[in-house]
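# Coordinate inspection notes
Listed below, chain by chain, are the residues.
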2 protein chains.
Amino acid sequence: MGDGTTPGFATQIGVRIRRLRQERNVSLSALARDAGVGKATLSGLEDGSRGNPTIETLYAIAGRLGVPIGALLPDPPQEGEKPLETIHGTAVSATLLETFSDADTDTELFRLHIRPGYVQHSPAHPPGTIEYLTVFTGTAKVGPPDALLTVGPGGHVSWTADIPHTYAAISGEDVFASLLIRTPRN
Amino acid sequence: MGDGTTPGFATQIGVRIRRLRQERNVSLSALARDAGVGKATLSGLEDGSRGNPTIETLYAIAGRLGVPIGALLPDPPQEGEKPLETIHGTAVSATLLETFSDADTDTELFRLHIRPGYVQHSPAHPPGTIEYLTVFTGTAKVGPPDALLTVGPGGHVSWTADIPHTYAAISGEDVFASLLIRTPRN
DNA sequence: GTACGTTGTTCCGTATACGGAACAGGGGAG
DNA sequence: CTCCCCTGTTCCGTATACGGAACAACGTAC
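Residues numbered from 1 in each chain as written. Chains lettered and ligands numbered in written order. Predicted model: local features only at pLDDT ≥ 70, side-chain atom pairs only at ≥ 80, totals over all residues. Heavy atoms only, no water.

Residues and elements named next belong to chain A. Read across the open sheet, the four strands follow the order β4-β9-β6-β7; overall the sheet is antiparallel. Strand pairing shows two members of the sheet lacking a second neighbour, β4 (119–122) and β7 (149–151), which therefore form its edges. On average, each strand axis in the sheet is tilted by 20° relative to the strand beside it, whichever way the strands run. Sheet analysis places β4 next to strand β9 (residues 165–170), joined by four bridges and oriented antiparallel. By the bridge assignment for β9, Q120 is matched with Y167. (Pairing = 2+ DSSP bridges. Helix = DSSP H or I, 4+ residues; strand = E, 2+ residues; numbered from the N terminus. Axes fitted to C-alpha atoms, helices over the stretch in contact; angles between N-to-C directions.)

This part takes up the protein's contact with DNA strand C. Around DNA strand C lies a shell of 18 residues, among which S27 and S43 of chain A together with T41, R50 and T57 of chain B are the nearest. Of everything in DNA strand C that lies within 4 Å of the protein, sugar and phosphate atoms constitute 65%. Contact distances for DNA strand C include 3.1 Å between a phosphate oxygen and a backbone N or O atom of S29 of chain A. Between a phosphate oxygen of DNA strand C and a side-chain N or O atom of T57 of chain B, the distance comes to 2.3 Å. When contributions to the surface near DNA strand C are tallied by element, the ones reaching two or more residues are α1 (9–23), α2 (28–35) and α3 (39–46) of chain A together with α3 (39–46) of chain B. Sort the elements by how many residues they give to the surface near DNA strand C and α3 of chain A lands first, with three residues. Looking at the surface near DNA strand C, its residues break down into four nonpolar, ten polar and four charged. (Near = heavy atom within 4 Å. Polar contact = N/O pair within 3.5 Å; in protein donor to acceptor, adjacent residues only side chain to side chain. Nonpolar A, V, L, I, M, F, W, Y, C, P; charged D, E, K, R; others polar.)

Attention shifts here to α2 of chain A. Of all the positions in α2 of chain A, only L28, A30, L31, A32 and A35 of chain A are classed as buried. The first or second residue beyond α2 of chain A is G36 of chain A, which carries a positive phi of 80°. (Buried < 20%, exposed > 50% of the residue type's maximum accessible area, 1.4 Å probe, protein only.)

This brings us to the environment of T105 of chain B. With respect to the element layout, T105 of chain B can be found in strand β3 (residues 105–114). A relative accessible area of 9% places T105 of chain B in the buried class.

With that settled, consider the protein's contact with DNA strand D. Near DNA strand D there are 19 residues, and of these T41, R50 and T57 of chain A together with S27 and L28 of chain B occur at the shortest range. A share of 65% is what sugar and phosphate atoms reach among the atoms of DNA strand D within 4 Å of the protein. T41 of chain A is positioned such that a nitrogen or oxygen atom in its side chain is 2.3 Å from a phosphate oxygen of DNA strand D. In the environment of DNA strand D, a phosphate oxygen lies 2.4 Å from a nitrogen or oxygen atom belonging to the side chain of T57 of chain A. Elements with a minimum of two residues in the surface near DNA strand D: α3 of chain A together with α1 (9–23), α2 (28–35) and α3 of chain B. Considered class by class, the residues forming the surface near DNA strand D number five nonpolar, ten polar and four charged.

Once that is clear, we can look at the packing of aromatic side chains. All names here are of chain B. Considering all chains together, one arrives at one aromatic pair over all chains under this definition. Measuring from ring centre to ring centre gives 6.1 Å for W159 and Y167, while their planes differ by 65°; the resulting arrangement is edge-to-face. Residue W159 shares its accessibility class with Y167, and that shared class is buried. (Phe/Tyr/Trp six-rings, centres within 6.5 Å; stacked < 30°, edge-to-face > 60°.)

Where side chains of opposite charge bring their charged atoms close, a pairing between them can arise. For the structure shown, the criterion picks out seven salt bridges over all chains. Put simply, D34 of chain B and R33 of chain B hold a salt bridge, and the shortest N to O gap is 2.9 Å. We classify D34 of chain B as partly exposed; its relative accessible area is 35%. A network of salt bridges, in which partner residues are shared, links R18, R21 and E46 of chain A. (Salt bridge = Lys/Arg side-chain N within 4 Å of Asp/Glu carboxyl O.)

Here we come to the environment of G51 of chain A. Residue and element names in this part refer to chain A. For G51, the location among the structural elements is in the loop between α3 and α4 (55–65). With a relative accessible area of 29%, G51 lands in the partly exposed category. For G51 and T41, which are ten residues apart along the polypeptide, the C-alpha to C-alpha distance reads 9.9 Å.

Structure representation (structure tokens):
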């Protein structure tokens, strides 16, 4: 490795970082400082003279830019045209749109599609995890089995997700919604 | 970096790789060979004695395992709180569903309704503010006037909101969307 | 004018991730 | 038993990613 096996690799990442950085009107110096990486590192990365960064470096940069690491990487690691990571369950498809890591909290934003006729079960998340669901179309019944919440179009609910919970679309209509999951970090 | 700043980082990745590899009944030697990385590298990575791998190494391993790189990285967790009010503009109604205050970031979650036929102007937010828009119905044209972004149903975009920006629904259809605003706290 | 605060680049010593090779242990095959 | 091929681990020299610091080229303030 480090030879010509992955030709555009170095430049690909650099170009993406630079674009995201400029979209946010942040200077190279500022981003390097805020992300905790050396200016030399970031500079070399952006102009492609320094390929193959360490995962920690990428993590720091992606975090500061407010994007998941995948957003910095060349589109398909293997194949299969999938720009976003989607988790498919029997009743629910969840597409991870954004992740944020703050000092004491991790936040994930999903677009959710719940198909009617099934009930999707989700295991318990770490203690203190809270989910926020905003429904745009259809009516959903969600939450812990012993305290199910019903939400129609425009509705918004939240519940503690550190116990097993379920998702279901009722009234035979597909539900499209946004789901925000906030998990405290140790 | 490289010190104890990211404690679980090294082990987290290693554990995931090892689990994925064993699920596939692939030996460490075989995976190392097929992925084109040294056995020493893979071994050290899996048992956590070698943290902070290079992106090329991760790429090769993830590719061989048939998973996106994100599948190898530490996931998310978090927490929250809550208020509620609606701001009505000429074209846009924004309902504040949730607000979160982390150590260095304020996050606000809105449900957005954009009516067609008008353009809603929004002034600049504080430096570093980023907006994330997820569209569920209709097609929206949003962002800084000189770099407008078009988003259809299911689409998701983000832009820097520290300069004036606009929201509009195009194609005569109402837009319902979720809007996440993240503002760095100085 | 000088003095600062930026910008992004380059130099360079150090830390470390890298893979080749050598290693011990475990099954089969004959 | 020996021989062979596999397993995963450890040793070690080399390649290189890292950040601190020095740098030139800008503005802006006074």
